[in-house]
Amino acid sequence: MRRISFVVPVFNEEESIPVFLKTMEETLAPLTGAYTFDYVFVNDGSRDKTLEVLVEAKKQYPAISIVDFSRNFGKEAALTAGIDNSKGDAVIPMDVDLQDPPEVVPKLIKKWEEGYEVVLARRADRSSDSRAKRLTALWFYQFINIIAKPQIPENVGDFRLMDRKVVEALKRLPERRRFMKGLFAWVGFNTAVVDYERQVRQAGVTKFSGWKLWNFALEGITSFSTALLEIWTYIGLLISSSAFLYLAYIILRTLLFGRDIEGYSSTLATILFLGGAQMVGLGILGVYIGRIYVEVKNRPIYIVRDYFPEG
Ligand code: UDP
Ligand code: MG
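Residues numbered from 1 in each chain as written. Chains lettered and ligands numbered in written order. Predicted model: local features only at pLDDT ≥ 70, side-chain atom pairs only at ≥ 80, totals over all residues. Heavy atoms only, no water.

All right, on to the sheet that holds strand E1 (residues 2–10) then. The sheet built from 8 strands is open, its strands ordered E7-E5-E6-E4-E1-E2-E3-E8 with mixed pairing. Every other strand in the sheet has two partners, leaving strand E7 (191–197) and strand E8 (304–308) as the edge strands with one partner each. The mean inter-strand angle of the sheet, taken between neighbouring strand axes irrespective of direction, is 20 degrees. Alignment of strand E3 (residues 64–69) against E8, held across 4 bridges, turns out to be antiparallel. Within E8, the position partnered with Phe69 by the bridge is Val304. Across the sheet, helix H7 (residues 180–187) touches strand E4 (90–93) and strand E6 (156–163), and the angle it forms with E6 is around 40 degrees. (Pairing = 2+ DSSP bridges. Helix = DSSP H or I, 4+ residues; strand = E, 2+ residues; numbered from the N terminus. Axes fitted to C-alpha atoms, helices over the stretch in contact; angles between N-to-C directions. Contact = heavy atoms within 4.5 Å.)

On to the coordination of the magnesium ion (ligand 2), then. Donor atoms from the polypeptide that coordinate the magnesium ion (ligand 2) comprise Asp97 (OD) and Gln99 (OE1), at 1.9 Å from the metal. Residue classification places Asp97 among the buried residues on the basis of a relative accessible area of 4%. The class of Gln99 is buried, set by a relative accessible area of 12%. (Donors = N, O, S within 2.8 Å, 3.2 Å for Na, K, Ca; no water. Buried < 20%, exposed > 50% of the residue type's maximum accessible area, 1.4 Å probe, protein only.)

Take the site of ligand 1 next. Taken together, 19 residues are adjacent to ligand 1, and Glu13, Asp44, Asp97, Thr206 and Lys207 come closest. At a separation of 2.6 Å, an oxygen atom of ligand 1 approaches a polar side-chain atom of Asp97. Lys133 is positioned such that a nitrogen or oxygen atom in its side chain is 3.2 Å from an oxygen atom of ligand 1. Within the complex, 95% of the 530 Å² of free accessible area of ligand 1 lies under protein. A class-by-class count of the residues in the shell around ligand 1 yields 5 nonpolar, 4 polar and 10 charged. (Near = heavy atom within 4 Å. Polar contact = N/O pair within 3.5 Å; in protein donor to acceptor, adjacent residues only side chain to side chain. Areas by Shrake-Rupley, 256 points an atom, 1.4 Å probe, with all protein chains shown as cover. Nonpolar A, V, L, I, M, F, W, Y, C, P; charged D, E, K, R; others polar.)

Here is the structure:
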C-alpha cells in the first residue's frame, strides 16, 4: 500500500488543528483502503497551546509525528523540516487553516497515479484574498518570471504533491535561505496542474503581514536571479557613455562660444542623480553580500527541541 505524508507547518494554530484533522479524515475516508496517510506537523515556535493540542491529537490519530522547533524559524524552514522528516511515497505540504482545501487531495493523487511526479494545486480563483494581495502577487510573478530561472508557476503556493524522487532531490539542495516555491520549481520533474478555489481561513489569523510579504518577495527574487546585480553594468555603461557625449558637447561649445558659468542646476541634478544611482547599486550589492554571509556561516536551517514519532 502506498503511503502519503502531509507536511503541515503550524505557528500559533491551536484553534485550526482539530478542524483540520477532522476535515482531512472525512475527506480522505474513501481512500483509506488504498493508501496509508500520515501527518508531519512542524510546530514553528508557537507561543500558544499548539504543541499541547498536537500531542493530544496524537492520541486519537496515531499517524501524527511532530517536529517541535526551539523557536520560530519561519514557514520555509518549517516546510524543510517537515519534508526532511517525511516518509511517504508522496509528500503533500498543506496549510493547517484549510485554505488549501482537502477535497483537492484526491485529485492530486489521481494525477500522481497517472505518472506525474509533481502535481501543482493552482489557485484558479483567489477572490478570497484581498484585492491588494492579488495585485501585488500578480506583479511579483510577472517580475520574477522575467528575471528568474527557472520559471515559478503563477498562483501556485506550497500546496502540491511531490513524488519521493522529487523529495529526495529537494533534500540535496543545501542552501540556508530557502524560498521553497523556487526550490520546488528548480528541481523540475514531470508536472501536472490541478485548479482549485482558494478558501478563506477557517480559524485564527494570517501570519503574513505586508512587510513580511515584501521581504518574502525579495527573498524569492534574490534567491533565483542575479539580474539585479548584473543590470548595474549596463546602467553604468549607459550613464558613462551619455556623460562622454555630453563632455564632448561641452568642450566643443566652449571652443566655439567661449566659457560661461551657467549650469549650476544641471550640475547639481547630475551629482544627485548619480549619487542616488550609486547608492541603489551599492544597496543591491549589500543584499547579495548579506545572503552570501548567511550562507557561508553554514548554520543549520532549524533547531529541533523535540521529536514525537508516529504511533
Ligand atoms: N506558518 C508557519 N510559520 C510562520 C508563519 C506561518 O509555520 O512563521 C504556517 C501557518 O501556521 C499556516 C501556514 O504557515 O499553517 C500558512 O500561514 P498563513 O495561513 O498565516 O498564511 P496566508 O495563508 O495568510 O498566506
Ligand atoms: Mg492561510
